[in-house]
Structure formats: structure tokens, C-alpha cells
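Here is what each chain is made of, one letter per residue.
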Amino acid sequence: MLYNEVEKSMLLAAISGRYDLAGYEFTPIQEHEGGRNKIYILHNKELKDVVLRISNLGDRTKEDYLAELEFVQFLHKNGASVANVIESNHHNLLEQFDICSNTFTVCMFERAKGMLLAENNYRYREGVSLHEYFFNCGKVLGKIHRISSDYTPIHQRYSFFDRFNEEYLNQLIPDEHALLKLKFNETIQELRYIDQNRTSYGMIHFDFGDSNYSIDFETGNITVYDFDNCCMGFYMYDLADVWTHGVGWIQFEPNARKRRDFMEEYFHYVLEGYRSENNLDETLLQKLPLFINVTILENIVDEIETMLREGQKIEWDEELIYLEKCILDDIPYRGFFNEIYFTEHPFE
């Protein structure tokens, strides 16, 4: 992100005026690798904390951002547990600023109550079973999907197939990985045969994991945020994302049978929570291995796009090598139950 001290000073001053932020302390959040945005937590002793997000990569239009923010606002209005958008003084969902020949897109959100699991050292509520957490995770996602099924966009967000299609993958993935391209193209073709109806396909989070929601450790309630990657897609993709994030609880267990038993139990409670809020097409649930492969597709595409965006040479690290082998050798569930998996170096 192009962001020097001169730009920072001028930009924050401009933002403060547009959002009445006098008296707030700005605390930057450390950017993660491949991150798209600059995030600040804004604190005022007399008011609730808010979250400021600044973007300037230039790869998204104003309409793209508005489509995201309108969706978040719709979810919140209809009872989903999401961190709502805060409008500017001009009653806009976003504001744009031209500073030193750069255009910065700015939006603000309520700060979710609670904290990340990682901030609590992956410890859940004292004396409460993890089953509650797994259930609540599925429940909050199920409600988001149920509300999404009634959503009619004003500004249209891109669809899954706009970004993940045969032509783009053939251009993006290096030619030395021709067999991977072929496998991914077959995956895309299989997805195209799935019916895109209102119960299976709509606006999804597309990055649903414990780094994108906070937990109130007094109640167990979950508040979701960071819809930066949201798009039109299959609801099963978000559930596959939940499955892939669940492996972290058992990834160092050397016994594959125990890993499988844990994941079955984990996902059982996730689905119970999901079904408490939304109907689930059982025929699509049978395609979970397919959608887990789609999460691999997204991982690889995102890694390549990040390398190109940051001007790096495309190189296959140990994680990408592992994921590619799972696809080429038709090893399901990211190889988590296969002899390829090595607990001392998970997913490498």
C-alpha cells in the first residue's frame, strides 16, 4: 500500500473532518502478509471504539466497495451479527480522498464486541465446551446466508465465475503447471453444473474464518466483519471454509483416525448451528470435498495474485507444492487424512 508519512498526515486530517473524529486516538493494526487495507482502531474515552479502513490498491471501483458496504448494512438491518458500516457526515457509506496523486477509499465500521480467538491464545470460554463455539460459528453463518437469500443488490458485486474461470486461470497460472490448470478447469466445469438458485447461491463472505470475527467471551456471541472479499457464490463455499479452518484444532495429532473423528464431530456441531438458522441442501453437502478443493483453488490464485501485485517473481513454496499435489493426485480434504500429511509441518 502506497502510504508515506506525508500522505498519512494529510489523509488522517481529511478523514477526521469528514467523520468528526476529533478526540480519537488512532492505533494502526499490523498488516498481515498480502493484506489489501490499512486498518486503524479509533479510541475515544467517552465514545465507543470504531474501525477505520483505508484502501488504495486501485483494483476495485467505487461500485465494488459500495456493493460490499450495502450488503453489510443490509445484513445488520435484518438481524445478522455483523459489524455495521458507519456513515460519514455526508451520509455516505464511503468517502474517497485524493492525496499526493493517490486516491484513497475510506470507510468506517462499528468495532465488534469481544476479541479474536488468537488474541485469547485460542482458549474458549472458561468451563464451556468447544461444542458451543462450533455451534455458534455455524449459527451465525447460517443466519447470514438466510438473510442473503432475500438480498437484491443495488450495486452488483462480482460473481465467483467472474474471477475464477478457465480463461483467467489459464493466463494467471504459469505454463509449467499445465496439469494444475487442467484440474482447476475441470473443477470450474463441475461447479457450472450446480443449480444456482436462491437457496444455494447468493452473496457470501468468501473469507469466513476466526480472523474475521470476534467472540464475546462472556456470552459466546460472534460478530462477523471484513466482507472485503464478499461476492456472489455458492453458500457451500463458506461452509467449506469453516471446515478448513477447523483443522487447526487437531492439526498436530499424529493419528489420522483421531483427526478424522475430531473433524466429523467438529463439523457436526457447525452444521447443527447452521441448520438452526437456515436450510441446507443435503445434495450440496455431499459435495463438500469439491468445495474444499475450491478453497484450494482460491488459495493458490490469491497467492499468485499477491506475488504479482507486490512485484515478486511467481515461486511455489512448500505450501503451494503441497496443495498442488492434493489436486493433481485427487487427494480429498486437503490431504488431512492421507499419508501425505505430516504433523510436524502441517500442509507442507
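Calculation notes
- Residues numbered from 1 in each chain as written.
- Predicted model: local features only at pLDDT ≥ 70, side-chain atom pairs only at ≥ 80, totals over all residues.
- Heavy atoms only, no water.
- Helix = DSSP H or I, 4+ residues; strand = E, 2+ residues; numbered from the N terminus.
- Contact = heavy atoms within 4.5 Å.
- Patch = residues over 30% accessible without salt bridge, like charges linked within 9 Å, V, L, I, M, F, W, Y side chains within 5 Å.
- Areas by Shrake-Rupley, 256 points an atom, 1.4 Å probe, with all protein chains shown as cover.
- Salt bridge = Lys/Arg side-chain N within 4 Å of Asp/Glu carboxyl O.
- Lys, Arg positive; Asp, Glu negative; His and termini not counted.
- Charge placed at Lys NZ, Arg CZ, Asp CG, Glu CD.
- Buried < 20%, exposed > 50% of the residue type's maximum accessible area, 1.4 Å probe, protein only.
- Polar contact = N/O pair within 3.5 Å; in protein donor to acceptor, adjacent residues only side chain to side chain.
- Axes fitted to C-alpha atoms, helices over the stretch in contact; angles between N-to-C directions.
- Left-handed = near helix turned anticlockwise from the far one by under 90°.
- Nonpolar A, V, L, I, M, F, W, Y, C, P; charged D, E, K, R; others polar.
- Pairing = 2+ DSSP bridges.
- 1 Å grid on protein atoms, 1.4 Å probe; cavity = no way out; pocket = protein on both sides within 12 Å on 5 of 7 lines; lining within 4 Å.
- Points joined across faces, edges and corners; volume = space filled by probe spheres on them.
- Parallel < 35°, antiparallel > 145°, perpendicular 65-115°, else oblique.
- Phe/Tyr/Trp six-rings, centres within 6.5 Å; stacked < 30°, edge-to-face > 60°.
- Lys NZ or Arg CZ within 6 Å of the ring centre and 35° of its normal.

### Examining the environment of Asp210
And then number 1: Here Asp210 is to be found in the loop between strand E7 (201-204) and strand E8 (213-215).
And then number 2: Beyond its immediate sequence surroundings of up to four residues, Asp210 is in contact with Leu116, Leu117, Tyr122, Tyr133 and His245.

### So, a negative patch on the surface
And then number 1: On the surface, a cluster of negative charge is made up of Glu303, Asp317, Glu318, Glu319 and Glu348.
And then number 2: Along the polypeptide, Glu318 turns up in helix H11 (residues 318-328).
And then number 3: Among the residues examined, Glu318 registers a relative accessible area of 48% and is labelled partly exposed.

### A few points about the side chain of Arg53
And then number 1: With respect to the secondary-structure elements, Arg53 resides in strand E3 (residues 47-55).
And then number 2: Look at Arg53 and you get buried, because its relative accessible area is 4%.
And then number 3: Looking at Arg53, its side chain comes within polar contact range of the side chain of Glu68, at 2.7 Å.
And then number 4: In this structure, Arg53 is in contact with Asn37, Lys38, Ile39, Tyr65, Glu68, Thr105, Val106, Cys107, Phe109 and Asp228, ignoring residues within four places of it in sequence.

### Considerations on the packing of helix H10 (residues 288-309) against H11
And then number 1: One way to put it is that H10 packs onto H11 with a least axis distance of 10 Å and a crossing angle of 145°. The crossing of H10 and H11 is left-handed. Facing Asn293, Ile296, Asn299, Ile300, Glu303 and Met307 of H10, the residues of H11 in contact are Leu320, Leu323, Glu324, Cys326 and Ile327.
And then number 2: When its residues are assigned to classes, the contact of H10 with H11 shows seven nonpolar, two polar and two charged.

### Focus: the pairing of strand E2 (residues 37-44)
And then number 1: Counting buried residues in E2 gives six out of eight residues, a clear majority hidden from the surface.
And then number 2: Sheet analysis places strand E1 (residues 25-28) next to E2, joined by four bridges and oriented antiparallel. Looking across to E2, one finds that Glu25 is bridged to His43.
And then number 3: In this sheet, E3 lies alongside E2 in antiparallel orientation, the contact comprising seven bridges. Pairing of Leu42 across the sheet is with Val50, part of E3.
And then number 4: Counted along the chain from E2 to the antiparallel partner E3, the turn is two residues long.

### Describing the layout of surface pockets
And then number 1: When its volume is computed, the second largest pocket comes out at roughly 280 Å³.
And then number 2: In this structure, the second largest pocket is lined by Trp243, Arg260, Met263, Glu264, Phe267, Leu271, Leu285, Gln286, Leu288, Pro289, Tyr333 and Phe337.
And then number 3: Elements that contribute at least two residues to the lining of the second largest pocket include exactly helix H8 (256-275) and H10.
And then number 4: It is H8 that contributes the most residues to the lining of the second largest pocket, five residues altogether.
And then number 5: Each residue belonging to the lining of the second largest pocket can be placed in one class, and the counts come to nine nonpolar, one polar and two charged.

### Topic: unusual backbone geometry
And then number 1: The backbone of Cys100 shows a phi angle near 50°, a positive value even though the residue is not glycine.
And then number 2: Topologically, Cys100 is positioned in the loop between strand E5 (95-99) and strand E6 (102-110).
And then number 3: Since its relative accessible area comes to 41%, Cys100 is described here as partly exposed.
And then number 4: The phi angle at Tyr333 is positive, at roughly 55°, despite the residue not being glycine.
And then number 5: With respect to the helices, strands and loops of the structure, Tyr333 is situated in the segment after H11.

### Let's talk about the packing of helix H6 (residues 178-192) against H10
And then number 1: It is at 11 Å that the axes of H6 and H10 come closest, and there the two elements cross at 130°. What the angle tells us is that H6 and H10 run oblique. At the point where H6 passes H10, the crossing takes the left-handed sense. Residues Leu180, Phe184, Thr187, Ile188, Glu190 and Leu191 of H6 pack against Leu290, Phe291, Val294, Leu297 and Ile300 of H10.
And then number 2: Across the contact of H6 with H10, the residue classes break down as nine nonpolar, one polar and one charged.

### A look at the packing of aromatic side chains
And then number 1: In total, this model carries 30 aromatic pairs according to the counting rule given.
And then number 2: With 6.1 Å between their ring centres and 75° between their planes, Phe26 and Tyr40 make a pair best called edge-to-face. Of this pair, Phe26 sits in strand E1 while Tyr40 sits in strand E2, placing them 14 residues apart in sequence.
And then number 3: Taken together, a centroid distance of 5.8 Å and an interplanar angle of 90° make the contact between Tyr322 and Phe347 edge-to-face. Placement of Tyr322 in helix H11 and of Phe347 in the segment after H11 is noted, with a sequence separation of 25 residues between them. In this structure, Tyr322 and Phe347 share a single accessibility class: buried.
And then number 4: Lying over the aromatic face of Phe336, Arg259 brings its terminal NZ or CZ to 5.3 Å of the ring centre.

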